[in-house]
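Breakdown of the fold
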Amino acid sequence: MKRTADVLVVGGGPAGSAVAILLARAGFQVCLLDKRHFPREKPCGEYLSPGCVPLLKRLGVLHILEEIGSQPIWGMRVETSAGTFFTGTYPGEAVPPHGYALPRERFDTLLFEAARCAGVECLEGWRVVDLIRAGHRVAGVIGASNGRTRHFTAALTIGADGRNSVVARRLGLFASHPSHRKVAFVQRFQMPAELGGLGEVYLGRAGYCILNPQRAATANVAAVVDQRDLPLRRPWEEVFRELLAAYPSVRRKLIGAAPLNSLQILGPLACRVKRIVGDGFLLVGDAAGYYDPMTGEGIYQALKGAELAADTVAEGPRQKEAPFAALEPYAVAYRREFDPKERVCQLLQQIVRRPLLCQVLVRNLQGRREQTQELMGVVGDLLPAHRLLRPGFLASLLVAGVPSLTRLVRCAR
Ligand SMILES: Cc1cc2nc3c(=O)[nH]c(=O)nc-3n(C[C@H](O)[C@H](O)[C@H](O)COP(=O)(O)OP(=O)(O)OC[C@H]3O[C@@H](n4cnc5c(N)ncnc54)[C@H](O)[C@@H]3O)c2cc1C
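Remember, predicted model here, so these are calculated numbers, not experimental data.

**Description of the pattern of salt bridges**
Inspection of every chain in the model, using the stated rule, returns 20 salt bridges. Of the charged contacts in the structure, one is a salt bridge between Lys182 and Asp226, with a shortest N-O distance of 3.6 Å. Taken together, the residues Lys182 in strand β13 (residues 182-190) and Asp226 in strand β16 (residues 218-226) connect sequence positions 44 residues apart. With respect to class, Lys182 is no different from Asp226; both count as buried. Residues participating in the shared-partner salt-bridge network are Arg40, Arg104 and Asp108.

See below:
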């Protein structure tokens, strides 16, 4: 059997549902396919940066997010292995901005249902197994469900199917990251006490751990570690417990905590694609490449990428014979929007790998409101990332660090 639409979106995560909503609103006939049934879990820190807030408002779901009791997140507390820490809130004028934390099964279902309400044909339980080609052009996908296969044809196919995108793989565009090979362990816990409204980041020698508070004294706990440092042939639960035990503050907070779901493990996390547009297709969200969860911008990137894609598709020329021929502006806008933040993330990874430097910078951020707000503004997707890449910003942190660096070296002796 064959089904035809203007646009076919593969994957009903934040990127797929958002782009489907925006294109349906622009008047396209959109079909959205997901291999899973909603609600479904997705391993994630489950934190939405404050940069997501205006995007969710434009998608018309922000009020629902508030109604279902999402936890506001006002900033981050960052602690090093030596116990030095700083606390930063997001910068804002009269009303301080905040992000949110909530289970992904709730957030993703909310967006998927919003797509249905926007007139998108939403099909669950359909795994895309291959692409349909017409010469060089992608002309749709082949889906499988309960032993049946079906051809779905469309003028444009959007790959929004996450880090292991079958669309990117079938096009030969997918590549693992050559050097950044992290593995994540994620689980939700009932905590003995409320954590408050700050995300907590613990930087260690071999990786990092993040506690994101959620409603009713629950928390999402994620430990990320280099693949090389993972012990082999040991039960994953045991490895996770050991990873957490390496952070004394986390260990203390988890005394009396009870797991709420099964432990989820995934990696290597980072991946790249050679290009994100081509004849009859485009990629969005993690399918367009992913780096690292430390600064938590994946959902922002999925939602903002969806806006950029929808703008290009909706504003492009609509010739009958090649309706979606001009997709390159999306690729340009995408790189302009996200490349600087990825450079910031790479820089932060370099710093985290050097515990002494890390301690100096964290110590120097203590009590320096202007700098912490600038950092939090970039991390929270509120300020452009290039503000942190200015030599002046980094130098100001390091120069202030000279006395404390001397002190640390003296202590180390
Ligand atoms: C450990 C970890 C922690 C993270 N923490 C955060 C965080 O706190 N905040 C944040 O903003 N980001 C975080 N991220 C990143 C974030 O999870 C992703 O960037 C985000 O989910 C990307 O959304 P997406 O829609 O592109 O892909 P996904 O959310 O992965 O959705 C892809 C969808 O495609 C479907 N699909 C896949 N293959 C097929 C197929 N063949 N056929 C049909 N359907 C298919 C899947 O079922 C899924 O529903 C984290 C990532 C990791 C790994």
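**Describing the domain arrangement of the protein**
What the domain assignment lists for the protein is domain 1 (2-74 + 93-177 + 269-338), domain 2 (182-266) and domain 3 (342-412). For domain 1 and domain 2, the distance between their C-alpha centroids amounts to 28 Å. Counting residues at the interface gives 23 residues for domain 1 and 20 residues for domain 2. Note on domain 1 versus domain 2: buried area summed over both sides is about 1,800 Å², and carbon and sulfur give 51% of it. The interface formed by domain 1 and domain 2 contains 14 residue pairs in polar contact (both at pLDDT 80 or more). Broken down by secondary-structure element, the contributors of at least two residues to the side of domain 1 that touches domain 2 are β4 (71-73) and α4 (104-117). For the side of domain 1 that touches domain 2, the residue count by class is 12 nonpolar, 4 polar and 7 charged.

**Concerning the packing of aromatic side chains**
Within this structure, the stated rule accounts for 7 aromatic pairs. Measuring from centroid to centroid gives 6.5 Å for Tyr300 and Phe338, while their planes differ by 85°, and the two rings are edge-to-face. In this pair, Tyr300 sits in helix α8 (residues 298-315) while Phe338 sits in helix α9 (residues 328-352), placing the two residues 38 residues apart along the sequence. For Tyr300, a relative accessible area of 11% gives the class buried. On the basis of relative accessible area, Phe338 is assigned to the buried category, the value being 5%. One aromatic cluster is present, built from ring pairs that chain together Tyr300, Tyr330, Tyr334 and Phe338. In this arrangement the basic side chain of Arg169 is found over the ring face of Phe174, its NZ or CZ atom lying 3.9 Å from the centre.

Reading the values: rules and limits
Residues numbered from 1 in each chain as written. Predicted model: local features only at pLDDT ≥ 70, side-chain atom pairs only at ≥ 80, totals over all residues. Heavy atoms only, no water. Salt bridge = Lys/Arg side-chain N within 4 Å of Asp/Glu carboxyl O. Helix = DSSP H or I, 4+ residues; strand = E, 2+ residues; numbered from the N terminus. Buried < 20%, exposed > 50% of the residue type's maximum accessible area, 1.4 Å probe, protein only. Domains from an automatic or database assignment. Contact = heavy atoms within 4.5 Å. Buried area = accessible area lost by both parts, 1.4 Å probe. Polar contact = N/O pair within 3.5 Å; in protein donor to acceptor, adjacent residues only side chain to side chain. Nonpolar A, V, L, I, M, F, W, Y, C, P; charged D, E, K, R; others polar. Phe/Tyr/Trp six-rings, centres within 6.5 Å; stacked < 30°, edge-to-face > 60°. Lys NZ or Arg CZ within 6 Å of the ring centre and 35° of its normal.

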